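Okay, here's what each chain looks like letter by letter:
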Amino acid sequence: MEAYMIGQERLLKTLIENNFKCIMIIAPRGHGKKHLAQEVAKAKNLELKTYDELKVDNIREMIEDGQKLRVQTMFLLPDVDNNMTIQAQNAALKFIEEPPKNAFIVMTAERIDGVLPTIKSRSKIFTMNAYTKEHLANFTTNEMLTRVAENPGQIKRMESADSDGLLKLSEKICENIGRISAANVFSILNHVKEDDLDLLIPFLIYVYSNRIKQNKDKVKTMLVLSEQLRIIYKYRALLKNKSIRPQPIFEMMFMEMRDKAHEIL
């Protein structure tokens, strides 16, 4: 079994033991949605066809492939909420409503609200379990990452990024949030690659959470830190939309954090 399936054993067992014709797996980026589908295909001895491009032409190709099946086959459509246009979802609807005899359809998504209601209503929907810190300890020897990351994919990205640098930057932001200006936001963001910008948020949450614990008797400090966390969580949700570049989101987040600190202090 893939290491990614640690913590997902019950769901994996359910998917293997049942012959669902069309399912949708919901989980954040890095949770192992594709790994889960691949493990199911392997356990059920299914041929696996993965369609990473999900435009209308790819869906038509999938439908043609489905008409020529000789063996039981899993059709895997990853990240339909981000990769599949409304037109492509509509094109796939007939195939999903009435899959060919030997076809099993698995779609994955980060957010269920990015999927057409007609697709959802015809799919058996499963949500992957959250990973505990004990689960995450199987994926890294870095104890700090098990407290910061939410899933194995995030750990992998954090290990390839400059995690120590992100932690130091988060500490610096927390110490100087009241003095952050529009000018030095650009300087802050220059310390992080755009692909890794969203990794800064877990480190900020980690630092702010620790400071709240350390300052439990200081009411005003607690209020500032709690408000910073609230703001961070709000903008974190926006980062889940892959169609939005992360840099403008961080610029807005830092400005709101600064303004809230001034308002309280």
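Refer to the structure above for everything that follows.
Residues numbered from 1 in each chain as written. Predicted model: local features only at pLDDT ≥ 70, side-chain atom pairs only at ≥ 80, totals over all residues. Heavy atoms only, no water.

Caption draft 1: Just the sheet that holds strand 2 (residues 47-50), in detail. Strands sit in the order 2-3-4-1-5 across an open sheet of 5 strands; the sheet is parallel. The open sheet is flanked by strand 2 and strand 5 (124-127), the only strands paired with a single partner. Recorded for the sheet is a direction-independent mean angle of 20° between the axes of neighbouring strands. Alignment of strand 1 (residues 22-26) against strand 5, held across 4 bridges, turns out to be parallel. When the bridges of strand 5 are listed, M24 appears paired with I125. Of the strands in this sheet, strand 1 and strand 5 are in contact with helix 1 (residues 9-17), which crosses strand 5 at around 160°. (Pairing = 2+ DSSP bridges. Helix = DSSP H or I, 4+ residues; strand = E, 2+ residues; numbered from the N terminus. Axes fitted to C-alpha atoms, helices over the stretch in contact; angles between N-to-C directions. Contact = heavy atoms within 4.5 Å.)

Caption draft 2: Structural view of the packing of helix 10 (residues 163-176) against helix 12 (residues 197-214). At a minimum axis separation of 9 Å, helix 10 and helix 12 run at an interaxial angle of 55°. Taken as axis vectors, helix 10 and helix 12 run oblique relative to one another. The crossing of helix 10 and helix 12 is right-handed. Along the contact surface, helix 10 presents S163, L166, L167, L169, S170, E171, I173, C174 and E175, while helix 12 presents L199, L200, F203, L204, Y206, V207, Y208 and R211. For the contact of helix 10 with helix 12, the class distribution of residues is 12 nonpolar, 2 polar and 3 charged. (Parallel < 35°, antiparallel > 145°, perpendicular 65-115°, else oblique. Left-handed = near helix turned anticlockwise from the far one by under 90°. Nonpolar A, V, L, I, M, F, W, Y, C, P; charged D, E, K, R; others polar.)

Caption draft 3: Just helix 2 (residues 33-43), in detail. Those residues of helix 2 not exposed but buried are K33, L36, A37, E39, V40 and A41. As for helix 2, its buried residues are in contact with helix 1, strand 1, strand 2, strand 3 (73-77) and strand 4 (103-109). N45, located one to two residues past helix 2, shows a positive phi value of around 55°. (Buried < 20%, exposed > 50% of the residue type's maximum accessible area, 1.4 Å probe, protein only.)

By themselves these figures say nothing about function.
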